[in-house]
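In case you want the letters, here they are:
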There are 2 protein chains.
Amino acid sequence: MAIMQPEERARRLLRELEHHGYRPTPQREAVCWALARHGGHPTAAEIVEVVKQHGIGQATVYNTITTLEKLGVIQSMPLNTDEHTRYDLDTTPHMNFVCSQCGSIIDCHAPQLDLMLAQIASTAGATFESANVVVYGRCERCKN
Amino acid sequence: MAIMQPEERARRLLRELEHHGYRPTPQREAVCWALARHGGHPTAAEIVEVVKQHGIGQATVYNTITTLEKLGVIQSMPLNTDEHTRYDLDTTPHMNFVCSQCGSIIDCHAPQLDLMLAQIASTAGATFESANVVVYGRCERCKN
DNA sequence: TTCAACCTTAGAATGATTCTAATTACTATT
DNA sequence: AATAGTAATTAGAATCATTCTAAGGTTGAA
């Protein structure tokens, strides 16, 4: 997936909700915006923190995020290193590199990867739906 | 990693504990055995259930599992589809296929995979420590 | 045996997420 | 515009995996 601006991302999330019969309420709009503007891999708690300033409750945040995930437009990304579930707005197969020192997360795209995963799955007689690839190591800054 | 019998696996876990200065107590032994005999991808709760028959408390189970994970001899494997953290006794890089219908988990080894992950990591200037690759789809039986 | 460090344990605490029950906001129909 | 029915939101309670605590056991070295 190419670089996408926050506005474009937010609109995409909302559009997907509408397209599936969910009403584009101000609350859902705010959640989509907060997700899109986060830039990284937000947790539900982080989004709650942002939108509570607009009087939006945490139940709504969890509901909206769960809905978006069901629609396949965001992807949950549970990590060993974090007690919160993080979400990835990029649902194309890619690798998430997590620095075991500083915790930073970097999306790494490699065109061969999804092909390989799909192939391995089909070798086992299975179909490929989605992937969650996490690699732990030291990032460039923490290597030393 | 080739096929390994439960006895061999259990001994390996215990040996690793001893080797790092942890005493091979009966409780730890029981936890290692329960992990090894599970066969699949056990959760802490499942192990608690097994060893509680021998009067072993859940704190001990969680402690032992956490220790084994720190030693790198088992690997935690949080899934989107399961509220419990599962553990993988196979720490060599491989793909875990999870059936989104029936929940069954299949380990798929592919020699190219770890090489590719390490390469992608190094492209980003990072070092490779471990990987957690999960692919969701329909298994052979649930495809229809 | 004595001591200190290590282990285990029951039960309490934590904390992310989900649920509940009540209210509010739509939408379609008259 | 009024009504009715459905969808959405909310505060706060409940859930439940995991972690913590404090107290008592075990071990091994000297």
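Computed from a predicted structure; not experimentally measured.

## Some points on the protein's contact with DNA strand D
Around DNA strand D sit 21 residues in total, of which A:Thr25, A:Gln27, A:Gly57, A:Ala59 and A:Thr60 are the nearest. Where the surface near DNA strand D is concerned, the elements lending two or more residues are α2 (26-38) and α4 (58-70) of chain A together with α3 (44-51) and α4 (58-70) of chain B. The biggest single contributor to the surface near DNA strand D is α4(B), with 4 residues. For the surface near DNA strand D, the residue count by class is 7 nonpolar, 11 polar and 3 charged.

## Looking at the domain arrangement of chain A
Residue and element names in this part refer to chain A. Here chain A is partitioned into domain 1 (6-77) and domain 2 (92-137). If you average the C-alpha positions of domain 1 and of domain 2, the two centres end up 24 Å apart. Listed by partner, the interface residues are 4 residues for domain 1 and 4 residues for domain 2. By residue class, the composition of the side of domain 1 that touches domain 2 is 1 nonpolar, 3 polar and no charged.

## Details of the interface of chain B and chain A
Of the residues lining the interface, 34 residues belong to chain B; the matching set on chain A comes to 34 residues. Listing elements by their share of the side of chain B that touches chain A, those giving two or more residues are β3 (95-99), β4 (105-108), α5 (111-123) and β5 (130-137) of chain B. A total of 8 residues in the side of chain B that touches chain A trace back to one element, the largest contributor, which is β5(B). Per-class residue counts for the side of chain B that touches chain A are 21 nonpolar, 9 polar and 4 charged. Direction of pairing for strand β5 (residues 130-137) of chain A relative to β5(B): antiparallel, over a ladder of 7 bridges. Counterpart to A:Ser130 in the pairing with β5(B) is B:Tyr136.

## Quick look at the protein's contact with DNA strand C
Near DNA strand C, the surroundings consist of 22 residues, among which B:Thr25, B:Gln27, B:Gly57, B:Ala59 and B:Thr60 are the closest. For the surface near DNA strand C, the elements supplying multiple residues, two or more each, are α3 (44-51) and α4 of chain A together with α2 (26-38) and α4 of chain B. No other element matches α4(A), which puts 4 residues into the surface near DNA strand C. Per-class residue counts for the surface near DNA strand C are 7 nonpolar, 11 polar and 4 charged.

## A closer look at the relation of the copies chain B and chain A
The two copies are related by a screw motion: chain B maps onto chain A through a turn of 180° and a shift of 0.0 Å along the axis, at an RMSD of 0.0 Å. Here the transformation between the copies is reduced to the relation of a two-fold axis. Distance from the rotation axis, computed per C-alpha, reaches its smallest value in chain B at B:Val133: 2.2 Å. When the interface residues of chain B are mapped onto chain A, 100% of them again lie at the interface, so the same face is used by both copies.

## Here's the deal with the pairing of β4(B)
Residue and element names in this part refer to chain B. Direction of pairing for β3 relative to β4: antiparallel, over a ladder of 4 bridges. Bridged to Asn96 within β4 is Asp107. Connecting β3 to the antiparallel partner β4 that follows it, the hairpin turn spans 5 residues, and Gly103 within it adopts a positive phi of roughly 80°.

About the cut-offs
- Residues numbered from 1 in each chain as written.
- Chains lettered and ligands numbered in written order.
- Predicted model: local features only at pLDDT ≥ 70, side-chain atom pairs only at ≥ 80, totals over all residues.
- Near = placed C-beta within 6 Å.
- Helix = DSSP H or I, 4+ residues; strand = E, 2+ residues; numbered from the N terminus.
- Nonpolar A, V, L, I, M, F, W, Y, C, P; charged D, E, K, R; others polar.
- Domains from an automatic or database assignment.
- Contact = placed C-beta atoms within 7 Å.
- Pairing = 2+ DSSP bridges.
- Least-squares fit on C-alpha atoms with pLDDT ≥ 70 in both.

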